[in-house]
Each structure stands twice: as C-alpha cells, then as structure tokens.
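Residue-level listing of the chains:
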Amino acid sequence: MLPPQPITVMVVDDHPIMRSGLTSEINSQKDMRVVAEAADGIDFLEKYRIHQPDLVLLDLRMPRMNGLEALKELRQEFPKAKVVVLTTFAGDVHVQRAFQSGASGYILKNLLQTELFDTVRSVAAGQRRILPEVAAQIATHAGSEHLTARELTVLQAVAKGCSNKIIGADLGISEHTIKNHVQSILEKLGASDRTHAVTIGLQRGFIDL
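These numbers come from a predicted model, not from an experiment. (Residues numbered from 1 in each chain as written. Predicted model: local features only at pLDDT ≥ 70, side-chain atom pairs only at ≥ 80, totals over all residues. Heavy atoms only, no water.)

Novice: Hey, could you run me through the packing of aromatic side chains in this one?
Specialist: Pairs of aromatic rings are described using the distance from one ring centre to the other and the angle between the two planes. Scanning all chains against the criterion turns up two aromatic pairs. Pairing Phe44 with Tyr48 gives two aromatic rings, centres 6.2 Å apart and planes at 80°, and the pair type is edge-to-face. Note that Phe44 and Tyr48 are positioned in helix H2 (residues 41–51) at a spacing of four residues, about one turn of the helix. Of the two residues, Phe44 and Tyr48, neither departs from the other in class, the shared state being buried. (Phe/Tyr/Trp six-rings, centres within 6.5 Å; stacked < 30°, edge-to-face > 60°. Helix = DSSP H or I, 4+ residues; strand = E, 2+ residues; numbered from the N terminus. Buried < 20%, exposed > 50% of the residue type's maximum accessible area, 1.4 Å probe, protein only.)

So, in structure tokens, the structure goes:
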C-alpha cells in the first residue's frame, strides 16, 4: 500500500527570512512539503498556475500586488484554491476582507509556532480555520457601522496629515462636506479626535499607511 501523499504547500511572503523559516518548518513535517515560494502577488499567481499546491500560506502586505488583490485574482481563476492568510494584522476589517476575498484560514505570525501545523492540516482537509484571538476581534465590533468608500478615502487622507481644505480640494468637494465626513468617521469609530480615528482605523484595518 502506497503511503499518503504529503500536503503540498506554497509559501508567499516578501521577507526572505520568513519564507525560509516557514519552508524549513513545514518540510520538517512528514505529511507536508513546500513545492514553491513567491515574494509578491504577481510572482505568486504565476507560480501557482505551474505548481497548483494543495494550500497557500499568503502574506497580506507585499510589493507589486498585495495579498488581498492576489487572493481575489486567484479565486477567480481557481475557485477551489485553499489559502491561509498569514499576517501581523489582527484587525477585524482585515479578517473580514480576507474571508470575503476567499481565504479559508487566517493565522497571526506571532502564533506561528503553536498554530501553523494544525491550521495547514485543517484547511487542507477542507475546513475553515479562524483562531480564537482573531474571532474575538470580529465579535467585538459585530454590528458596528462600516465606513463608506468616501469616508475611507477621507480617513486615509487624514492619516497622511492632510487638512480638511486640502482633502476637499483633492476630492473636488467643499471643506464643509469634508468636515461632516470627519465627524461621521469619529462617531462610527468611537474616536475622540482625528488622531484617535487614524489609530483606530489602522488597528482595525480600515486603512493602511
């Protein structure tokens, strides 16, 4: 009787040390084998088409094409692809966007040593995997109002240090309208001021610097 085939894994991260470490850890398991590595979203898509692994470990923040964009493209071409998002971001918005884009699992890099192997095996077996720490983030903000596309644009500009006048000029709307958008953002995020709103926006994953 032939032994079971190992789970084939692709590691996608722009940091060489992280890729090397993950590859070494995965290859230490008898039932797993890394078949490809990639350093950005475009490289990932090209190599996935060649190797078509059982599972992908995918970082979110990468050059050329980020993880979410690459994940959306992958799922359009390979609807059954199994992807575990691997990131430092625990914010509820990051998590929701990842699963909406087609992720099957979400693991934080600081929990790699304890959760990596179980997550790979679970997702490869067809299960969805979300850690308690991540689920708690989602539960905390369940039912809270989402920012509109315009509010996200305004918050991103605020994070860059732009004044209401500059933001209004860039968007072609009045300074008064921007002020109203900022007030709405503060209320939805439960923020005390603009700086606090930016901090919350970054923590939860509404915006990125």
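Novice: Honestly, the pattern of salt bridges in this entry has me stumped. Any pointers?
Specialist: Once the charged atoms of two side chains with opposite charge are near each other, the side chains can pair. Summed over all chains, the structure comprises nine salt bridges. The salt bridge involving Asp40 is made with Arg64; its shortest N-O contact spans 3.2 Å. One end of the pair, Asp40, is in the loop between strand E2 (32–38) and H2; the other, Arg64, is in the loop between strand E3 (55–59) and helix H3 (67–77), and 24 residues separate them in sequence. Residue Glu115 is joined to Arg129 by a salt bridge in which the shortest nitrogen-to-oxygen separation is 2.8 Å. Taken as a pair, Glu115 in helix H5 (residues 112–124) and Arg129 in strand E6 (residues 129–130) lie far apart in primary sequence, 14 residues in all. Each member of the salt-bridge network shares a partner with another, and the members are Asp13, Asp59 and Lys109. (Salt bridge = Lys/Arg side-chain N within 4 Å of Asp/Glu carboxyl O.)

Novice: How should I be thinking about the environment of Ala125 in this particular structure?
Specialist: Looking at the element boundaries, Ala125 is found in the loop between H5 and E6. Along the sequence, Ala125 and Asp54 sit 71 residues apart, while their C-alpha atoms lie 9.6 Å from each other.

Novice: Got a minute to help me understand the side chain of Asp13 in this structure?
Specialist: One can find Asp13 in the loop between strand E1 (7–12) and helix H1 (16–27). One polar contact links Asp13 to Lys109, side chain to side chain, over a distance of 2.9 Å. Apart from residues no more than four positions distant in its own chain, Asp13 is found in contact with Met18, Arg19, Ala38, Ala39, Asp59, Met62 and Lys109. (Polar contact = N/O pair within 3.5 Å; in protein donor to acceptor, adjacent residues only side chain to side chain. Contact = heavy atoms within 4.5 Å.)

Novice: Quick question: what am I supposed to make of the sheet that holds E2 here?
Specialist: Two orientations exist for strands paired in a sheet by backbone hydrogen bonds: parallel and antiparallel. Pairing within the open sheet is parallel, and its six strands lie in the order E2-E1-E3-E4-E5-E6. Edge positions in the sheet fall to E2 and E6, since each of these pairs with one other strand and no more. Sheet strands touched by H2: E1, E2 and E3. Its angle to E2, the strand with the most contacts, is close to 140°. (Pairing = 2+ DSSP bridges. Axes fitted to C-alpha atoms, helices over the stretch in contact; angles between N-to-C directions.)

Novice: Help me understand the pairing of strand E4 (residues 83–87), please; the structure alone is not making it clear to me.
Specialist: Taken residue by residue, a regular strand's side chains alternate between the two faces of the sheet. Of all five residues in E4, five are buried, a share of seventy percent or more. Residues Val83, Val85 and Thr87 line one face of E4 and the alternating positions Val84 and Leu86 line the opposite face, and both faces are buried. As paired elements, E3 and E4 share four bridges and run parallel to each other. Of the residues in E4, the one forming a bridge with Leu58 is Val85. For the crossover that starts at E3, traverses H3 and ends in the parallel E4, the hand is right-handed. (Right-handed = clockwise from strand over helix to strand, strands pointing away.)

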